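# Per-entry structural report
Listed below, chain by chain, are the residues.
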Amino acid sequence: MRKAILLVVLALALVSCGRRAPQPQAVEPQAFADTTPPSIIYPAFGDADPHPWEGRHPGHYPVHGLDVSRWQGPIDWRTARKSGVSFAFIKATEGGDFTDPMFDEHRRGAQAAGVPWGAYHYYYFCRPAHEQARWFIQNVPKGADLPHVLDMEWTPHSKTCTLRPDGATIRAEAQRFLDILERHYGRRPIVYTTVDFYRDTDIGRLPKTEFWLRSVAGHPRNVYPSAIWRFWQYTGTGLVPGVQGKVDINTFNGTPETWALWKATR
């Protein structure tokens, strides 16, 4: 009933002002604040090219999840969840003019299966931050279970953009992107990055920022000295039931109870 009243009010406004109002952004149904720890912890996923871990390794962490894009094709999310997938970060956009063609299917599938999801944006240094932030907002509805992600890494193999700005410029652009998304979605995004990018740009200096770090051949505390991380991408060759072929697997830095609380309040 409230929705119908709102539509009537909007229609009257259109008639009275004589011009078209902007279309409201679609909002996905948001999951309730679930503070229940995952039912499957310490999942036993396979790996097509396993690393011989020493010391503290990914298996010591209880909560694992995926990041996916069009390269994974259709995913059986219910099977993935039953195998121990506790979250998913799904590629939505890159630059200022590309959307991942599987984004909508992946996010709807994850949501239907009860897999908490967030979206990520692959950043290109040939467009200003505000344009890329607007593109992301245009294509990603509100209502995600998790904070969204700014993916920043060098792009040496890109056919359109291989720029390498200095660290100060990159940090300033990242700050603009994060601020815009935080104002729109009400949550500050996480920053995903790689070893060389983290080292070259000093992006770890960004304030109020949680990091998702890639490290497939060593624990983050050794590869990223003094870095504080929330997620760790520990393989790009994972084998997970429900997913065709290889997939990135990540772990959350904390207990199942910490994960449940973080997910509900972050």
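Residues numbered from 1 in each chain as written. Predicted model: local features only at pLDDT ≥ 70, side-chain atom pairs only at ≥ 80, totals over all residues. Heavy atoms only, no water.

## Comments concerning the packing of aromatic side chains
Each aromatic ring pair is described using two quantities: the centre-to-centre distance and the angle formed by the ring planes. The test is simple: Stacked, tilted and edge-to-face pairs are distinguished by plane angle, under 30 degrees for stacked and over 60 for edge-to-face with tilted covering the rest, among Phe, Tyr and Trp rings (Trp via its six-membered ring) whose centres lie within 6.5 Å. Secondary structure elements follow DSSP: runs of H or I no shorter than four residues count as helices, runs of E no shorter than two count as strands, and numbering proceeds from the N terminus. Only protein chains enter the calculation, and the probe is 1.4 Å; a residue is then buried if its accessible area is under 20% of its type maximum, exposed if over 50%, and partly exposed in between. Two conditions define a charge located above a ring, namely a distance within 6 Å from the ring centre to NZ of Lys or CZ of Arg, and an angle within 35 degrees of the ring normal.
Applying the stated criterion to the full structure yields 28 aromatic pairs. Ring geometry for Phe125 versus Trp154: centroids 5.9 Å apart, planes at 50°, classification tilted. Of this pair, Phe125 sits in the loop between strand 5 (117–122) and helix 4 (129–139) while Trp154 is found in the loop between strand 6 (149–151) and helix 5 (167–185), placing the two residues 29 residues apart along the sequence. Taken individually, Phe125 and Trp154 each receive the classification buried, so the pair is uniform in this respect. Cluster of aromatic residues (ring-pair linked, three or more members): Phe87, Phe89, Tyr192, Trp212, Phe231, Phe252, Trp259 and Trp262. Here the guanidinium or amino end of Arg56 rests over the ring plane of Tyr61, the centre of that ring lying 4.4 Å away. The ring of Tyr122 carries Lys91 above its face, with NZ or CZ at 5.3 Å from the centroid.

## A short note on the environment of Glu173
Here is the rule: Any two residues having at least one pair of non-hydrogen atoms within 4.5 Å are treated as being in contact. Counted as a polar contact is a pair of N or O atoms within 3.5 Å, where, for protein atoms, one must be capable of donating a hydrogen and the other of accepting one, and residues adjacent in sequence contribute only when both atoms are in side chains.
Here Glu173 is to be found in helix 5. Here Glu173 falls in the buried class, since its relative accessible area comes to 16%. Each C-alpha atom, one on Glu173 and one on Pro128, is 7.3 Å from the other, the two residues being 45 residues apart in sequence. Excluding residues within four positions of it along the chain, Glu173 makes contact with Tyr123, Arg127, Pro128 and Ala129. Reaching out from Glu173, the side chain makes a polar contact with the backbone nitrogen of Ala129 at a distance of 2.8 Å.

## Re the state of the cysteines
Rule in force here: Throughout, disulfides are identified as pairs of cysteine sulfur atoms within 2.5 Å of each other.
Going through the model one piece at a time under the given rule, you end up with one disulfide. One disulfide in the model links Cys126 with Cys161; its S-S distance is 2.1 Å. On the sign convention where negative means left-handed, the S-S torsion of about 95° between Cys126 and Cys161 marks this disulfide as right-handed. Residue Cys126 is located in the loop between strand 5 and helix 4, and its partner Cys161 is located in the loop between strand 6 and helix 5; the two are separated by 35 residues in the primary sequence.

## A look at the pairing of strand 7 (residues 190–193)
Our working rule: Crossover handedness is defined by viewing with both strands directed away from the observer: a clockwise path from the first strand over the helix to the second marks the crossover as right-handed. By this definition, two strands are paired if DSSP reports at least two bridges between them.
Of the two faces of strand 7, both are covered, the one formed by Ile190 and Tyr192 as well as the one formed by Val191 and Thr193. In this view, the connection linking strand 6 to its parallel neighbour strand 7 by way of helix 5 has right-handed handedness. Bridge count for strand 7 against strand 8 (residues 211–214) is three bridges, and the pairing is parallel. When the sheet's bridge partners are listed, Thr193 is paired in strand 8 with Leu213. A crossover connection joins strand 7 to the parallel strand 8 through helix 6 (residues 195–201); in handedness this β-α-β unit is right-handed.

## Let's talk about the pattern of salt bridges
Quick reminder of the rule: When a carboxyl oxygen of Asp or Glu lies within 4 Å of a side-chain nitrogen of Lys or Arg, that pair is called a salt bridge.
Here the structure, examined in full by the defined rule, presents 13 salt bridges. For Asp100, the salt bridge is made with Arg70, and the minimal N-O distance between the two is 3.9 Å. Pair noted here: Asp100 is in the loop between strand 4 (98–99) and helix 3 (103–113) and Arg70 is in the loop between strand 2 (64–68) and helix 2 (77–83), with a separation of 30 residues, a long-range link. Arg127 is paired through a salt bridge with Asp97; the nearest N and O atoms lie 3.4 Å apart. With Arg127 in the loop between strand 5 and helix 4 and Asp97 in the loop between strand 3 (85–94) and strand 4, this pair connects stretches of sequence that are 30 residues apart. Overlapping salt bridges bring together Asp97, Arg127 and Glu131 as one network.

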